[in-house]
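# Reading the structure
Below are the chains, spelled out letter by letter.
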Amino acid sequence: MTLQTLTIIKPDDWHLHLRDGEALEAVIGHTARQFARAVVMPNLKPPVTTVALAQAYAARIKQAMVKAGIAAGSFTPLMTLYLTDNTSPDEIVRAKESSGAIAVKLYPAGATTNSDAGATDLLGRCSKVLETMQRVGLPLLVHGEVTDPAADVFDREALFIDRVMIPLRKAFPALRVVFEHLTTKDGVEYVRDAEGPVAATLTPQHMLYNRNSIFQGGVRPHFYCLPILKREVHRQALLDAATSDSPRFFLGTDSAPHSRGLKENSCGCAGCYTALHAMELYATAFDQAGKLDRLEAFASLRGPDFYGLPRNTETVSLHRGSFVIPNELSFGQETIVPLAAGETLGWKFG
Ligand code: DOR
Ligand code: ZN
């Protein structure tokens, strides 16, 4: 008999964009409904570069929760720092001692949305910071794409492995590293086989769609994110990794809200919005692979284990049934179009 209800330990989202102000207020309820905790990305304008800024941002997230009627304690934001050429080793020690940030995010300068302040010379100017992170055990979260304008956009992740990841991990073999939103077979093989404390997050869009989706019947901007969707062989490798028994692959939605106007634009922003229906999307992918029994490990166990945090104790359920993804959602004065808007999924959360 087909499984009708899947009950799992409440999941966490290990890679999320919450933004600020009205946008934050519009999206926080979606994530807090499905997830107990989320690692909040620091690519605000200006970026979250210090523990003091991270604590102030965490306080604004908590205020937005109050406004949205979310019970304090039912959702915990886990804050991160944005690595720049000027990040100091003292800031790393402060983050560790105060628990004001659980990780540091590397956006190679120019790689994606609000990455202009990102590090330009990782192994040179940032080496003291990396050494301190390795010593105190603060993970580095990596946007793994080279920024070389001559590099083909579909090759940027594979090139990053050779040009940055391998030298970085050779220089700092005990540094805990998360290869965020992994999108290629090359990345899967690297993370699966590498020695030392390395892991990867996987998004629902990269597990469900290949690059044809961006161009089906015309340009579909709501399928555009960075790293960009890849060929089918890569999607299959990601799905295999997520549903395997490797502890190194876990959930990170990379849900990245942009208004409809900024996506449907002559120079549209990168990012897929999945906070509303993340678990339905992941359940669909795991179901297609015939591996629903692996969803709990991916969504709820491997992430906290990697970060050395306690697993959640509460449970949540997903039910088989139709769920029509809304065409748009309110987003302050504007609207947002969720990933796969208008499509019907075979799973419902809660
Ligand atoms: O698609 C993306 N959107 N990729 C990123 O790396 C950043 C994110 C955003 O902040 O919008
Ligand atoms: Zn992201």
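Quick note: structure is the one above.
Below is a short write-up of the structure. (Residues numbered from 1 in each chain as written. Chains lettered and ligands numbered in written order. Predicted model: local features only at pLDDT ≥ 70, side-chain atom pairs only at ≥ 80, totals over all residues. Heavy atoms only, no water.)

## Structural notes on the layout of surface pockets
- By volume, the largest pocket amounts to about 390 Å³.
- What lines the largest pocket is a set of 17 residues, and nearest its centre among them are R19, N114, P257, H258 and L262.
- Its boundaries defined by the atoms lining it, the second largest pocket holds a volume of some 330 Å³.
- The set of elements that each furnish at least two residues to the lining of the second largest pocket consists of α2 (51–67), β4 (76–82), α3 (89–98) and α12 (295–307).
- Looking at which element gives the most residues to the lining of the second largest pocket, the answer is β4, with four residues. (1 Å grid on protein atoms, 1.4 Å probe; cavity = no way out; pocket = protein on both sides within 12 Å on 5 of 7 lines; lining within 4 Å. Points joined across faces, edges and corners; volume = space filled by probe spheres on them. Helix = DSSP H or I, 4+ residues; strand = E, 2+ residues; numbered from the N terminus.)

## Concerning the sheet that holds strand β2 (residues 13–16)
- Judged by pairing direction, the sheet is parallel, and its eight strands sit side by side in the order β2-β3-β4-β5-β6-β7-β8-β9 without closing on themselves. Two strands close off the open sheet at either side, each with one partner strand: β2 and β9 (249–251). Taking the axes of each pair of neighbouring strands and ignoring which way they run, one obtains an average angle of 30° across the sheet.
- As paired elements, strand β5 (residues 103–106) and strand β6 (residues 140–142) share three bridges and run parallel to each other. Counterpart to K105 in the pairing with β6 is L141. (Pairing = 2+ DSSP bridges. Axes fitted to C-alpha atoms, helices over the stretch in contact; angles between N-to-C directions.)

## Quick look at the site of ligand 1
- As a structural note, the neighbourhood of ligand 1 is formed by 13 residues, with R19, N43, L226, H258 and A270 the closest of them.
- Side-chain polar atom of H143 to an oxygen atom of ligand 1: 3.2 Å apart, as the coordinates give it.
- The separation between an oxygen atom of ligand 1 and a polar main-chain atom of G271 is 3.2 Å.
- Surface burial for ligand 1 is 100%, taken as the share of its 290 Å² of free accessible area covered by protein chains.
- For the shell around ligand 1, the per-class residue count stands at four nonpolar, seven polar and two charged. (Near = heavy atom within 4 Å. Polar contact = N/O pair within 3.5 Å; in protein donor to acceptor, adjacent residues only side chain to side chain. Areas by Shrake-Rupley, 256 points an atom, 1.4 Å probe, with all protein chains shown as cover. Nonpolar A, V, L, I, M, F, W, Y, C, P; charged D, E, K, R; others polar.)

## Re the sheet that holds strand β1 (residues 5–9)
- On the basis of which strands lie adjacent, the open sheet formed by three strands has the order β1-β10-β13 and antiparallel pairing. Across the chains shown, the open sheet's two edge strands, defined by having one partner strand only, are β1 and β13 (344–349). Neighbour to neighbour, the strand axes of the sheet diverge by 35° on average, direction disregarded.
- For β1 and strand β10 (residues 315–324), the ladder comprises five bridges, and the chain directions are antiparallel. When the sheet's bridge partners are listed, L6 is paired in β10 with L318.
- Each of β1, β10 and β13 is contacted by helix α11 (residues 278–288), which is oriented at about 115° to β13, the strand it contacts most.
- Strands β1 and β10 of the sheet are contacted by α12, whose axis makes an angle of about 25° with β1. (Contact = heavy atoms within 4.5 Å.)

Honestly, that's just the spatial picture; any functional story needs more than this.
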